[in-house]
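Examination of the molecular architecture
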Amino acid sequence: MQVEQLTCAIGAELVGVNLADAIHDDGLFARIRAALLEHRVLFLRDQNISRGEHVAFARRFGELEGHPVAGSDPEHPGLVRIYKNPEQPNDRYENAWHADATWREAPQFGAVLRCVECPPVGGDTMWANMVLAYENLPDHVKTQIAELRARHSIEASFGAVMPTEKRLALKAQFPDAEHPVVRTHPETGEKVLFVNAFTTHFTNYHTPARVRFGQDASPGAGDLLRYLISQACIPEYQVRWRWKPNSIAIWDNRSTQHYAVMDYPPCHRKMERAGIVGDKPY
Ligand code: SIN
């Protein structure tokens with residue numbers, strides 16, 4: 001297996017590997033897992049694997065979970081279908097920098113995404129290294145956010161386009177989660193900037209040290225949160241991947257964010273994602 005680094009910040013392409021082999025080959029799987037921790041997102045071309053093999057490979061990392069809004073393949077629970085077609089104008093939910101499912105108490109460990117069908121050009125996906133984003137923050141901002149916690153909401157994201165009753169039912173099933181603004185990567189010990197498009201507000205900002213008068217709370221917190229969320233947009237932290245059918249991306253959802261570029265209507269795009277259960281951030 002060759003590991004070819006794609007940018008200075010994040011991402012590597014694995015060459016000379018068939019992912020189906022890694023389902024049973026412990027040594028090969030261990031090398032892929034180590035490369036994932038080092039490069040945060042891995043890419044492969046020409047992986048003509050079945051849905052069963054896709055799921056079996058992803059399960060080597062851990063249990064899989066579906067998505068309450070995007071449906072799964074009926075024969076392969078946990079294999080989420082991200083099928084976009086131009087006749088569904090509301091179908092734009094991926095078009096923001098995010099880490100998957102941070103609205104859960106335990107957001108995903110990572111995912112294995114396969115391209116089934118893509119436009120001839122466009123429809124790329126970008127990833128950002130959120131460890132680097134944290135490291136490069138000014139020291140005074142690091143101090144300011146060290147103890148902050150924030151709310152992440154499926155209601156305010158996927159739920160926003162739903163009729164009220166359906167949105168409230170979604171919220172009842174998946175209440176907003178609270179996470180540290182800076183999480184610690186459970187395997188590497190790195191600090192990660194952990195706010196994204198699912199984050200609605202800080203939950204412990206309004207203290208006497210930060211807020212002199214009540215009026216300061218809202219703009220102060222809002223400006224800081226927007227500034228932190230915007231860090232994923234910095235090109236020096238990013239890699240951009242151009243899809244072909246049977247291309248695959250494997251990412252560490254704990255230390256990255258991603259953005260699926262929606263520049264391809266009226267073309268169709270079909271992706272299938274096996275999302276791997278993660279643990280509670282600390
Ligand atoms: C996702 O947001 O997990 C899907 C990314 C993509 O469709 O490229």
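Note that this is a predicted model, so its numbers are computed, not measured.

**Remarks on the site of the ligand**
Every residue near the ligand is listed here: I82, H98, D100, L113, T125, W251, H258, A260, R269, M271 and R273. One of the side-chain nitrogen or oxygen atoms of T125 is found 2.5 Å away from an oxygen atom of the ligand. Taking R273, its side chain carries an N or O atom lying 2.5 Å from an oxygen atom of the ligand. Residue assignment for the shell around the ligand shows that the elements contributing at least two residues are β15 (256–260) and β16 (269–276). Considering each element in turn, the shell around the ligand owes the most residues, three residues, to β16.

**Let's talk about the environment of Q238**
Take Q238: it is sitting in strand β13 (residues 238–241). The class of Q238 is buried, set by a relative accessible area of 12%. When the C-alpha atoms of Q238 and Q257 are compared, they prove to be 9.4 Å apart, with 19 residues separating the residues in sequence. Non-local contacts of Q238, meaning those with residues more than four positions away in its chain, are made with T7, A9, I10, W97, M126, W127, A128, A232 and C233. Side-chain polar atoms of Q238 contact the backbone oxygen of A232, separated by 2.9 Å.

**Remarks on the sheet that holds strand β6 (residues 110–117)**
Across the sheet, eight strands lie side by side as β1-β2-β3-β14-β6-β16-β5-β4; this open sheet has mixed pairing. Looking at strand neighbours, the two that pair on one side only are β1 (2–5) and β4 (72–73), the edges of this open sheet. Looking at chain direction, β6 and strand β14 (residues 248–252) are connected through five bridges and run antiparallel. Looking at the pairing, G110 lines up with D252 of β14. The strands touched by helix α2 (residues 26–39) within the sheet are β1, β2 (12–15), β3 (41–44) and β14, with β3 carrying the most contacts at an inclination of about 125°. Across the sheet, helix α3 (residues 51–58) touches β4, β5 (76–84), β6, β14 and β16, and the angle it forms with β5 is around 115°.

**Some remarks on α2**
Given a rise of 1.5 Å per residue, 14 residues ought to cover 20 Å, and the 20 Å separating the end C-alpha atoms of α2 matches this to within 8%. Within α2, the full set of buried residues consists of L28, F29, I32, A35, L36 and H39. Summarising the axial view, the buried residues of α2 lie within an arc of 125°, below the 170-degree limit, and thus occupy one face. Turned more than 90 degrees from where α2 packs its buried face, D26 and E38 sit exposed. On its buried face, α2 is in contact with β1, β2, α1 (19–22), β3, α3 and β14. Among the residues of α2, the N-terminal cap falls to D25, whose side-chain oxygen and the backbone nitrogen of G27 are separated by 3.1 Å. Just beyond α2, the residue with positive phi is R40, at close to 75°.

**Describing the nonpolar core**
One finds I145, V181, L193, F202, L224 and L228 to be the most contacted residues of the largest nonpolar core, which totals 28 residues. Those elements that provide at least two residues to this core are β7 (125–129), α4 (130–135), α5 (139–145), β11 (191–193) and α7 (214–230). No other element matches the five residues that α7 contributes to this core. Setting aside anything within four residues of it in sequence, one finds V181 in contact with I145, L148, R149, A150, V192, L193, F194, V195, F202 and L228. If you look at the next biggest cluster of nonpolar residues, it comprises 27 residues, including A20, L28, F29 and V112.

**Let's talk about the pairing of β16**
For β16, the tally of buried residues reaches seven of eight residues, placing the bulk of the element in the interior. Sheet topology places β5 next to β16; six bridges connect them, and they run antiparallel. Note on β16: the bridge partner recorded for Y83 is K270. Strand direction decides the pairing type here: β6 and β16, joined by seven bridges, are antiparallel. Residue pairing in the sheet places A111 in a bridge with G275 of β16.

So, how was this worked out
Residues numbered from 1 in each chain as written. Predicted model: local features only at pLDDT ≥ 70, side-chain atom pairs only at ≥ 80, totals over all residues. Heavy atoms only, no water. Near = heavy atom within 4 Å. Polar contact = N/O pair within 3.5 Å; in protein donor to acceptor, adjacent residues only side chain to side chain. Helix = DSSP H or I, 4+ residues; strand = E, 2+ residues; numbered from the N terminus. Buried < 20%, exposed > 50% of the residue type's maximum accessible area, 1.4 Å probe, protein only. Contact = heavy atoms within 4.5 Å. Pairing = 2+ DSSP bridges. Axes fitted to C-alpha atoms, helices over the stretch in contact; angles between N-to-C directions. Expected span 1.5 Å × (residues − 1). Arc of directions from axis to C-beta. Core = buried A, V, L, I, M, F, W, Y, C linked by side-chain atoms within 4.5 Å.

All quantities given are derived from atomic positions and should not be read as evidence of function.
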